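Examining the three-dimensional arrangement
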Amino acid sequence: MPLATVNPATGETLRTFDALDAEEVERRLAAAEAAFRTHRTTSFAERARLLRAAADLLEADEREIAEVMTTEMGKPVTQARAEAAKCVKAMRWYADHAEGLLADEEPAEADVKDSGASRAFVRYRPLGPVLAVMPWNFPLWQVIRFAAPALMAGNVGLLKHASNVPQTALYLDELFRRAGYPEGCFQTLLIGSKEVEGVLRDPRVVAATLTGSEPAGRSVAAVAGDEIKKTVLELGGSDPFVVMPSADLDRAAEVAVTARVQNNGQSCIAAKRFIVHTDVYDAFAQRFTAAMKALKVGDPMDEETQVGPVASERGRADLEELVEDAVEHGATVLCGGERPDGPGWYYPPTVLADITPGMRVHHEETFGPVATLYRAADLDEAVAIANDSPFGLSSNVWTREEADVDRFVRDLEAGAVYVNGMTASHPAFPFGGIKRSGYGRELSGHGIREFCNITAVWQGA
């Protein structure tokens, strides 16, 4: 895939970029190794100063970088600005909390005595240069949620960004440099996917994190496993959105629309499968479908636009194939379902009902504004439908019954359960999934410790 900015709203190629040659990649790997030797010894106060400086610059650049993101991958510009603001918040959060999250841990006094030590503790030490293979759908946030904790832990970062967001990737490289980070602390590698294996196998790279597709995750995990290197994977998601009889239907339907079409429907944690108790199915379906149909689709640079184009021509074709397969196997199209005329890679907000396990859409992720509706006879069937997926990233449950909440929290196969609200990521809470949605966690204390050497220290008398 060429390294290029192609505007999804028009299909026009705006800029192309040359990939780094082998000599430049080697120079950057050497710089990362050298930077780590120094950065690992810096104080938390110094790391926090640098990260806050980067956050201040990003805050000042919010409107400019938002337009770049919208141009490269098509999200509504209002959502792009919100993404930039979210990154600023996370950077400042880690600047404020990293030292406490990585403070030495003292075992119970009785256990220290039983071990024969005069003193024992656990210390979190940085690992080294970490390779981040990142996607285009949240081109700023996905990187910052790795970079902020990694840099605060004393690691250094190497970014291999998606090939269709090269300007955002280069902005990130420049951002940390402008903030005062020494050369090599954070670097963008403009390389193709075929070059990732060579970088990951380099002995100077100690670990990798990937957010992206299941095939990409398999590839990186296989290479890292062969090299015995730590990985964190955040892959696809087909999150259930369960609505029970006691739910506030108006609020549930309103949030369901946002949960499905945020980022033009191209979010791993977007709700995609709407599982509704039969007692309220018709009422919910009517509200949800009407609201999906009423969304404003158009130019993502327009402040009033709610849904822009999907990011690529291939992405739209994938959506069309899933919808066509569902219809061929008996699904009912409640709204949308047909490609509009005109330039750009637009696809309308679409609701499919009467879904059965024989349809591809039942098991595959729909990465775009396509929702599937299921009718559940009771709580047991709702749980069964929700768990009948190869993915397990997050989940949403709408109910006012605490017994329902307890059951869903116990039984849903997912990395998170959001009750009466939409799944979102926040720096204070761990983020990640199970099953084919990946492993490991980002954000919170769990995320910052993923790329640390958890060191047991024992001192004798």
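Everything discussed here concerns the structure shown above.
**Looking at the overall build of the chain**
Looking only at helices and strands, one finds 16 helices and 19 strands in the chain. What you see for the chain is a C-alpha radius of gyration of 23 Å, in line with the 23 Å of a compact globule of 461 residues. Looking at the chain as a whole, 56% of its 461 residues qualify as buried. Total accessible area on the chain stands at roughly 18,800 Å², and carbon and sulfur atoms take up 50% of it. Charge-centre separation for the chain: the mean point of 47 positive side chains lies 4 Å from the mean point of 68 negative side chains.

**Some points on the nonpolar core**
Residues Leu51, Leu58, Met91, Tyr94, Leu131, Leu140 and Phe176 are the most contacted members of the largest nonpolar core, which totals 80 residues. The greatest single-element share of this core, amounting to 12 residues, is contributed by helix 4 (residues 77–101).

**Overview of helix 9 (residues 214–227)**
Helix length check: helix 9 (14 residues) gives 20 Å between terminal C-alpha atoms against 20 Å at 1.5 Å per residue, within 8%. Of the residues making up helix 9, those classed as buried are Glu214, Gly217, Val220, Val223 and Ala224. At its buried positions, helix 9 is contacted by helix 8 (196–201), strand 7 (207–211), strand 8 (230–234) and strand 14 (391–392). With a side-chain oxygen positioned 3.2 Å from the backbone nitrogen of Ala216, the residue opening helix 9 is Ser213.

**Quick look at the sheet that holds strand 10 (residues 271–277)**
Strand order in the open sheet made by the 7 strands is 11-12-13-10-9-15-16, with mixed pairing throughout. In this open sheet, the two edge strands, each paired with only one partner strand, are strand 11 (332–335) and strand 16 (418–419). Summarising the sheet, strand 12 (residues 350–353) and strand 13 (residues 370–376) pair through 3 bridges and their orientation is parallel. In the strand pairing of strand 13, Leu352 is matched with Thr372.

**Notes on the pattern of salt bridges**
By the definition in use, this model includes 37 salt bridges. Close ionic contact of Asp202 with Arg204 constitutes a salt bridge, the shortest N to O distance being 2.8 Å. The same class applies to Asp202 and to Arg204, which are both buried. A single salt-bridge network, built from bridges that share partners, covers Glu24, Arg27, Arg28, Asp173, Arg177 and Glu183.

**Observations regarding the side chain of Thr399**
If you trace the backbone, Thr399 turns up in the loop between strand 15 (396–398) and helix 15 (402–411). Among the polar contacts made by the side chain of Thr399, one reaches the side chain of Asp404 at a distance of 2.8 Å.

**Notes on the state of the cysteines**
Applying the stated criterion across every chain, the model contains 0 disulfides. The thiol of Cys87 is not disulfide-bonded; the next cysteine sulfur, from Cys268, is found 16 Å away.

**Thoughts on the environment of Thr41**
One can find Thr41 in the loop between helix 1 (22–39) and helix 2 (44–60). It is 9.9 Å that separates the C-alpha atoms of Thr41 and Arg125, two residues lying 84 residues apart in sequence. Within polar-contact distance, the side chain of Thr41 engages the backbone oxygen of Thr38 at 2.7 Å.

**Considerations on helix 3 (residues 62–73)**
Between its first and last C-alpha, helix 3 extends 16 Å over 12 residues, near the 16 Å set by a 1.5 Å rise per residue. Among the residues of helix 3, those classed as buried are Ile65, Ala66, Val68, Met69, Thr70, Thr71, Glu72 and Met73. Looking at the buried side of helix 3, the elements it contacts are strand 1 (3–7), strand 2 (12–17), helix 2, helix 4 and helix 7 (166–178). Gly74 occupies a position one or two residues after helix 3 and carries a positive phi of about 90°.

Here is what the cut-offs are and how they apply
Residues numbered from 1 in each chain as written. Predicted model: local features only at pLDDT ≥ 70, side-chain atom pairs only at ≥ 80, totals over all residues. Heavy atoms only, no water. Helix = DSSP H or I, 4+ residues; strand = E, 2+ residues; numbered from the N terminus. Rg over C-alpha atoms; globule rule 2.2 N^0.38 Å. Buried < 20%, exposed > 50% of the residue type's maximum accessible area, 1.4 Å probe, protein only. Areas by Shrake-Rupley, 256 points an atom, 1.4 Å probe, with all protein chains shown as cover. Lys, Arg positive; Asp, Glu negative; His and termini not counted. Charge placed at Lys NZ, Arg CZ, Asp CG, Glu CD. Core = buried A, V, L, I, M, F, W, Y, C linked by side-chain atoms within 4.5 Å. Expected span 1.5 Å × (residues − 1). Contact = heavy atoms within 4.5 Å. Polar contact = N/O pair within 3.5 Å; in protein donor to acceptor, adjacent residues only side chain to side chain. Pairing = 2+ DSSP bridges. Salt bridge = Lys/Arg side-chain N within 4 Å of Asp/Glu carboxyl O. Disulfide = S-S within 2.5 Å.

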